[in-house]
Amino acid sequence: MGKDVIVACDFASAEAVYGFLDRFTGEKKPFVKIGMELYYAEGPQIVRQIKARGHRIFLDLKLHDIPNTVKKAMAVLSGLDVDIVNLHAAGTTAMMEAALEGITRPDGTRPLLIAVTQLTSTDQQSMERDLLIHEPIDQVVLHYAETAKNAGLDGVVCSPLEAGKVHARCGAGFLTVTPGVRFADGDRGDQKRVMTPAEAKKAGSDYIVVGRPITAAADPVAAYERCIAEFVD
Ligand code: C5P
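Residues numbered from 1 in each chain as written. Predicted model: local features only at pLDDT ≥ 70, side-chain atom pairs only at ≥ 80, totals over all residues. Heavy atoms only, no water.

This brings us to the overall build of the protein chain. Looking only at helices and strands, the protein chain has eleven helices and eight strands in total. In terms of overall size, the protein chain behaves like a compact globule, its C-alpha atoms giving a radius of gyration of 17 Å where 233 residues would be expected to give roughly 17 Å. With the C-alpha coordinates aligned to their principal axes, the bounding extent of the protein chain is approximately 45 × 40 × 30 Å. Counting all 233 residues of the protein chain, 49% fall into the buried class. Looking at the protein chain alone, contacts between residues at least 24 apart form 68% of all its contacts between residues at least 6 apart. Counting every atom, the protein chain has about 10,900 Å² of accessible surface; 52% of that belongs to carbon and sulfur. (Helix = DSSP H or I, 4+ residues; strand = E, 2+ residues; numbered from the N terminus. Rg over C-alpha atoms; globule rule 2.2 N^0.38 Å. Buried < 20%, exposed > 50% of the residue type's maximum accessible area, 1.4 Å probe, protein only. Contact = heavy atoms within 4.5 Å. Areas by Shrake-Rupley, 256 points an atom, 1.4 Å probe, with all protein chains shown as cover.)

For the rest of this paragraph, the subject is the nonpolar core. With 61 residues, the main nonpolar core has Leu59, Met74, Leu87 and Ile214 as its most contacted residues. Of all hydrophobic cores here, the second largest spans twelve residues; its members include Phe58, Val116, Leu175 and Val209. (Core = buried A, V, L, I, M, F, W, Y, C linked by side-chain atoms within 4.5 Å.)

Within the structure, the ligand sits among Ala8, Asp10, Lys33, Thr120, Pro179, Arg182, Gln191, Val209, Val210, Gly211, Arg212 and Pro213. Here an oxygen atom of the ligand and a backbone polar atom of Gly211 are 2.8 Å apart. Within the contact set of the ligand, an oxygen atom lies 2.7 Å away from a backbone nitrogen or oxygen of Arg212. Surface burial for the ligand is 84%, taken as the share of its 460 Å² of free accessible area covered by protein chains. The pocket occupied by the ligand, as judged from atoms lying within 2 Å of grid points, is the largest pocket. Of all elements in the fold, only β8 (207–210) and α10 (212–215) reach the threshold of two or more residues within the shell around the ligand. Within the shell around the ligand, the residues separate by chemical class into five nonpolar, three polar and four charged. (Near = heavy atom within 4 Å. Polar contact = N/O pair within 3.5 Å; in protein donor to acceptor, adjacent residues only side chain to side chain. 1 Å grid on protein atoms, 1.4 Å probe; cavity = no way out; pocket = protein on both sides within 12 Å on 5 of 7 lines; lining within 4 Å. Sits in = over half its atoms within 2 Å of the grid points. Nonpolar A, V, L, I, M, F, W, Y, C, P; charged D, E, K, R; others polar.)

Another point: the environment of Ala203. With respect to the helices and strands, Ala203 occurs in helix α9 (residues 197–203). Residues Ala203 and Val141, spaced 62 residues apart in sequence, show a C-alpha to C-alpha distance of 17 Å. Every residue in contact with Ala203, bar those within four places of it in the chain, is listed here: Pro160, Ala163, Gly164 and Met195.

Moving on, we come to the layout of surface pockets. By volume, the largest pocket amounts to about 1,100 Å³. Surrounding the largest pocket, 40 residues form its lining, Leu119, Thr120, Ser121, Pro179 and Gln191 being those nearest its centre. Elements supplying a minimum of two residues to the lining of the largest pocket: β2 (31–35), α2 (36–42), β3 (57–63), α7 (137–150) and β8. Counted by class, the lining of the largest pocket contains 17 nonpolar, eleven polar and twelve charged residues. Here the second largest pocket defines a volume of roughly 160 Å³. (Points joined across faces, edges and corners; volume = space filled by probe spheres on them.)

The parallel closed barrel is built from eight strands, whose spatial order is β1-β2-β3-β4-β5-β6-β7-β8. Sheet twist, expressed as the average angle between the axes of neighbouring strands with direction ignored, equals 25°. Note: strand β6 (residues 155–157) against strand β7 (residues 175–178), three bridges, orientation parallel. Within the sheet, the bridge partner assigned to Val156 lies in β7 and is Thr176. Lying over the sheet, helix α4 (residues 67–77) contacts β3, β4 (84–88) and β5 (112–116), oriented at roughly 165° with respect to β3. (Pairing = 2+ DSSP bridges. Axes fitted to C-alpha atoms, helices over the stretch in contact; angles between N-to-C directions.)

Mapped onto the fold, Thr196 is located in the loop between β7 and α9. In contact with Thr196, not counting residues within four places along its chain, are Val181, Arg182, Phe183, Ala184 and Glu230.

So this is what it looks like as structure tokens:
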């Protein structure tokens, strides 16, 4: 898979997400991220329906539990025919290896499996105070990325600011999927460390995840096409 823009469909209902997706009448169907909100509201059926409309899907459920539970949950998700699924690297190597086993279908095929390292909402202070992790946060992110790679995973979710370092440590083929993207003239919202699509391309991101700059735009299709023009073309 080459570089692409993944649209974070953070909507609370099927009605809302279809109202949004119906605007995209062009040949290229956006790659869509389905997160906890929409999945918990509508269940696996929403994934099947969006897939049936021809979209590629990143199912962002961030699994984190004991290895056996994650393996069995991943085996269920493997039946949904999504393109990317994820988990928390903090679940450790045993959980990531179990997840990989679970997500692999009997015929050997599987979605890409990527890891969340440290959430971008976690900063040095909260990591030290609440998690008792005292290394610099960028080193922690790189270590988690390396652990994910060694467990056999395909990549990580990280800030575009970290994409270059992750590739340097884990190889160019290890995917970096990066939220925190804003247009140069756009509203940052609650994202603190941001890059434009063009900067994320230069930084080496493989996929950018873009939510509100597209979903809340007056013209979402134009905003999506602007992302494609800056990041892919
Ligand atoms: O609207 P916005 O472009 O900020 O959306 C970014 C998407 O990426 C949201 O779905 C958010 O939950 C997700 N995300 C993030 N930072 C992470 C992991 C996921 O912003 N570290």
